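Descriptive structure summary
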Amino acid sequence: MDFDILTTFPEMIEAVAGLSILGRARQRGLIRVEAVNLRDFTHDRHRSTDDTPFGGGPGMVMKPEPVFDAVESLLSRKPGKVRIILLTPQGRRFDQGMAEQLACESHLIMICGRYEGIDERIREHLVTDEISIGDYVLTGGELAALAVVDAVARLLPGVLGDESSVHSESFSSGLLEYPQYTRPAEYRGYQVPEVLLSGNHEEIRKWRRLQSLERTLNKRPDLLESAPLTEEDRRIIKRIKEQ
Ligand code: ADE
């Protein structure tokens, strides 16, 4: 899958995309992540990517030409279906479902806004999707783009070593993940729950499901409204609530 990230700070993208699981996926050719420097698509002496707003007011606005030119240059190199995503606090809130949908695409172009805003014609005539990673304002779209790349890339086949971990963890089941422990079985007097040492797989499965349900009920009860629950799950939740 190809990710092209349009930015005035390509170093920010490189600093993250070269490391850890993303870095390894990139080396193995499972993903291509490229930071496209918008300054390479400017034509003035100062290589400006922003200008003052028409109508006055504070701050600077991202100019349309470098963004349109950069996108068109990418499309001429790789024609075909592409989503052109603007990272902005005005966008649709990013979640696991959106990550799963985006993981079905073959090419994403991401535009990182900087400064006080971007020329509205970019939004109207170039962008296909607007994504926000939460209700807070970052200094630019780069960290948001990286969050989206990371969440999407880890869903692609082969990117995580253990495919089953994609399915059991928080959110993909619609519930929060159960607690995990590793050796030692006792640390500073704190014990690992007995059932996990029992070797009884059915009891362990039931304990983990109970923990997931209990955690979700306590920390994120909103998730239970859309989680796929069995009759047994519903009985357990009822029991927890009655305690
Ligand atoms: N750019 C600035 N803040 C942002 C946010 N919360 N999500 C996506 N892009 C942004």
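Some remarks on the overall build of the protein chain
For the protein chain, the count of helices and strands is nine helices and 10 strands. Scaling as 2.2 N^0.38, a compact globule of 243 residues should have a C-alpha radius of gyration of about 18 Å, whereas the protein chain reaches 23 Å, well beyond that. With 243 residues in all, the protein chain has 43% of them scored as buried. Put simply, 73% of the contacts in the protein chain that link residues at least 6 apart link residues at least 24 apart.

Examining the sheet that holds strand β4 (residues 61-62)
If you walk across this open sheet you meet the three strands as β3-β4-β7, and the pairing is mixed. Lying at the two open borders of the sheet, with one neighbouring strand each, are β3 (50-51) and β7 (117-118). With two bridges connecting them, β4 and β7 associate as parallel partners. Across the sheet, residue Met62 finds its bridge partner in β7, namely Ile118.

Details of the sheet that holds strand β8 (residues 129-132)
Each strand in a sheet pairs with its neighbour through backbone hydrogen bonds, running either in the same direction (parallel) or in the opposite one (antiparallel). Strand order in the open sheet formed by five strands is β2-β1-β6-β5-β8, and the pairing between neighbours is parallel. Each edge of the open sheet is held by one strand with a lone partner, namely β2 (32-37) and β8. Each adjacent strand pair in this sheet contributes to an overall mean axis angle of 30 degrees, direction not counted. Strands in contact with helix α1 (residues 10-17) are β1 (2-7) and β2; relative to β2, the strand with the most contacts, it is inclined by about 165 degrees.

With respect to the site of the ligand
The environment of the ligand is formed by Leu87, Thr88, Pro89, Ile131, Ser132, Ile133, Gly134, Tyr136, Val137, Leu138, Gly140 and Ala144. Backbone polar atom of Thr88 to a nitrogen atom of the ligand: 3.1 Å apart, as the coordinates give it. Within the backbone of Leu138, one N or O atom sits 3.0 Å away from a nitrogen atom of the ligand. Here the ligand, which alone exposes 260 Å², has 96% of that area covered by the protein. Counting only elements with at least two residues in the shell around the ligand, the list comes to β5 (83-93) and β8. The element best represented in the shell around the ligand is β5, accounting for three residues. For the shell around the ligand, a count of residues per class yields eight nonpolar, four polar and no charged.

Overview of helix α3 (residues 64-77)
Between its first and last C-alpha, α3 extends 20 Å over 14 residues, near the 20 Å set by a 1.5 Å rise per residue. Buried residues of α3: Pro64, Pro66, Val67, Phe68, Ala70, Val71 and Leu74, and no others. Next to the buried residues of α3 lie β1, β2, β4, β5, β6 (107-112) and α5 (120-125).

Analysis parameters
- Residues numbered from 1 in each chain as written.
- Predicted model: local features only at pLDDT ≥ 70, side-chain atom pairs only at ≥ 80, totals over all residues.
- Heavy atoms only, no water.
- Helix = DSSP H or I, 4+ residues; strand = E, 2+ residues; numbered from the N terminus.
- Rg over C-alpha atoms; globule rule 2.2 N^0.38 Å.
- Buried < 20%, exposed > 50% of the residue type's maximum accessible area, 1.4 Å probe, protein only.
- Contact = heavy atoms within 4.5 Å.
- Pairing = 2+ DSSP bridges.
- Axes fitted to C-alpha atoms, helices over the stretch in contact; angles between N-to-C directions.
- Near = heavy atom within 4 Å.
- Polar contact = N/O pair within 3.5 Å; in protein donor to acceptor, adjacent residues only side chain to side chain.
- Areas by Shrake-Rupley, 256 points an atom, 1.4 Å probe, with all protein chains shown as cover.
- Nonpolar A, V, L, I, M, F, W, Y, C, P; charged D, E, K, R; others polar.
- Expected span 1.5 Å × (residues − 1).

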